Every structure is written in C-alpha cells, then in structure tokens.
Amino acid sequence: MSNIMISADVIDKYWQRMSARTNDEIAVSLRSLHSRQPALMLYLMEADKENLADKERQYLYYLGCFIVEVMLAETPGIVKVEPDVIFTRREAGRNMLAFLGSAQSPEQFAFSMNAVIDAHPQADLFRYVVDICMENAPSYGVRDENIWRLFAHLKITLDCLQSH
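A brief structural summary. Sequence order as written defines residue numbering, which begins from 1 separately in each chain. The model is predicted, so local features are restricted to residues of pLDDT at least 70 and side-chain atom pairs to those at 80 or more, both for listing and for counting; the totals for chains, interfaces and linings are taken over all residues. Computation of side-chain values: all heavy atoms of the structure, hydrogens and water removed.

**Side note on the layout of surface pockets**
- In this analysis the probe radius is 1.4 Å and the grid spacing 1 Å, with only protein atoms considered; a cavity is a set of points the probe fits into but cannot get out of, a pocket is an open set with protein on both sides within 12 Å along at least five of seven lines, and lining residues have an atom within 4 Å of a point. Grid points are joined across faces, edges and corners, and a volume is the space filled by probe spheres set on the points. Each pocket or cavity is described by its volume, and for the second largest pocket that value is around 160 Å³.
- If you go around the second largest pocket, the residues you meet are Met18, Ser19, Arg21, Ile26, Ser29, Leu30, Leu33, Tyr61, Tyr62, Cys65 and Glu69.
- Helix and strand definitions here come from DSSP, where helices need a minimum of 4 consecutive H or I residues and strands a minimum of 2 consecutive E residues; each element is numbered from the N-terminal end. Contributions of two or more residues to the lining of the second largest pocket are made by α1 (8–19), α2 (23–36) and α4 (54–74).
- Grouping the amino acids of the lining of the second largest pocket by side-chain chemistry returns seven nonpolar, two polar and two charged. Here the nonpolar group is Ala, Val, Leu, Ile, Met, Phe, Trp, Tyr, Cys and Pro; Asp, Glu, Lys and Arg are the charged ones; every other residue, Gly included, is treated as polar.

**Quick look at the packing of aromatic side chains**
- Classification of ring pairs rests on two measures: the distance between centres of Phe, Tyr or Trp rings, Trp counted by its six-membered ring, which must be within 6.5 Å, and the angle between planes, read as stacked under 30 degrees, edge-to-face over 60 and tilted in between. Counted under the stated rule, the structure contains six aromatic pairs.
- Ring geometry for Trp15 and Tyr128: centres 6.4 Å apart, planes at 65 degrees, overall edge-to-face. With Trp15 in helix α1 and Tyr128 in helix α7 (residues 123–136), this pair connects stretches of sequence that are 113 residues apart.
- Judged by relative accessible area, Tyr128 falls into the buried class, the value being 16%.
- Only Lys NZ and Arg CZ are tested; either one counts as a charge over a ring when it is within 6 Å of the ring centre and within 35 degrees of the ring normal. Positioned over the ring face of Tyr14 is Arg17, at 4.7 Å from the centre of the ring. Here the term buried applies to any residue with accessible area under 20% of the maximum for its type, exposed to any over 50%, and partly exposed to those in between, with areas from a 1.4 Å probe on protein chains only.

**Section: the environment of Val70**
- Counting through the fold element by element, Val70 comes out in helix α4.
- Residues Val70 and Glu82, 12 residues apart in the sequence, show an inter-C-alpha distance of 19 Å.

**Considerations on the nonpolar core**
- Side-chain atoms within 4.5 Å are what join buried Ala, Val, Leu, Ile, Met, Phe, Trp, Tyr and Cys residues into a set we call a nonpolar core. Of all hydrophobic cores here, the largest spans 53 residues; its most connected members are Phe66 and Leu125.
- For this core, the element with the most residues is α4, which contributes 11 residues.
- Whether two residues are in contact is decided by their heavy atoms, any of which lying within 4.5 Å being enough. Those residues within four positions of Leu125 in sequence are excluded, and the remaining contacts are Ile6, Ile11, Phe66, Ile67, Val70, Met71 and Leu158.

**What to know about the pattern of salt bridges**
- Salt bridges are counted wherever a side-chain nitrogen of Lys or Arg sits within 4 Å of a carboxyl oxygen of Asp or Glu. All chains considered together, the criterion is met by seven salt bridges.
- Residue Arg57 is joined to Asp54 by a salt bridge in which the shortest nitrogen-to-oxygen separation is 3.0 Å. Placement of the pair is Arg57 and Asp54 together in helix α4, with a separation of three residues, close to one helical turn.

**What about the packing of helix α3 (residues 38–46) against α4?**
- Put simply, α3 and α4 touch, their axes get as near as 8 Å, and they point 155 degrees apart. Considering their axes alone, α3 and α4 lie roughly antiparallel with respect to each other. Packed against α3, whose contacting residues are Leu40, Met41, Leu44 and Met45, the element α4 presents Arg57, Leu60, Tyr61, Gly64, Cys65 and Val68 at the interface.
- A class-by-class count of the residues in the contact of α3 with α4 yields eight nonpolar, one polar and one charged. The axes used here are C-alpha line fits, helices contributing only the stretch in contact, and every angle between their N-to-C directions lies in the interval 0 to 180 degrees. Any angle that is under 35 degrees is reported as roughly parallel, and any over 145 degrees as roughly antiparallel; angles of 65 to 115 degrees are reported as roughly perpendicular and all others as oblique.

Put into structure tokens, the structure is as follows:
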C-alpha cells in the first residue's frame, strides 16, 4: 500500500493536462488505463447501471479515469486491481452508500461527505475530484439525488487503488 499523499498542486496539474487533451491523446490514455487496470475500468463502465442515467455514468467514468490515471502515475507499485478487491471494496461501501443516501438534508449530506473525505489516505485527490463533481454535476446531467452515488463509486475506485 502506498503512503504517498498526492498534493493538490500535483492533482491540479493533472487536471489541466487532462482538460487540454486531443481526442487522439484521450484514446491513447484510455487504452493504457484499460490495459493497466482492466477490472477497475470495467467497474467504472458498468457501475450502477440500474440507477444512473447514461450521462451520469459517463461523468462517473470520466472522473474515475482521472483518479486511476493520477494514482497510477503518482504512487509506485500499484498492481492490477482484481475483481475480488473491487467486490470487497464495493461491499464495504454499501453501508456508506446507504448512510449517504439517507441524508435528510443537503447540510447533513455535506457534513457526512466531508467526514469521509477527511478520513481518506488520499484526501486531497478525493476532495479535488468531489469538488469538481459537485461543481459540474448539473451541466453533465447528474441529478441531485444521484450525487451520493457518484461520490460512493469514486471512493470505491480510490479505495481499490489505495489498498495495493
């Protein structure tokens, strides 16, 4: 397991680079991510099909790819995440999903979400992605009632990579 905390400055540089890519560069990057982390990338493509609309899943995939790319580049020694690791992390995340989904108010959701982020070993990366998610979700067609689902799947993705 990597104990390297990726700083917000480094994360921001990755985001700027990712935002400036051409279609060809995106295709090359996606092929690399899929070859290096096939099970995790499949998880991001298939996650929560029964509850998320296509645009919401595309946004989840986009943000998840960013997490995978940054983690692979900045933390040495990450091995391929196997399906059983994803299953274990997803099962562990079910209680969190239920808890977040039961928030009675936006304030309660924000408080719970911030507590989860602050406790994470990659808090800066997690916070960066969640802030982007929250800021841009409406323009990507993410319904308010599904923000917590994206949050949970992004955490599961990060946890899978962090566990190695």
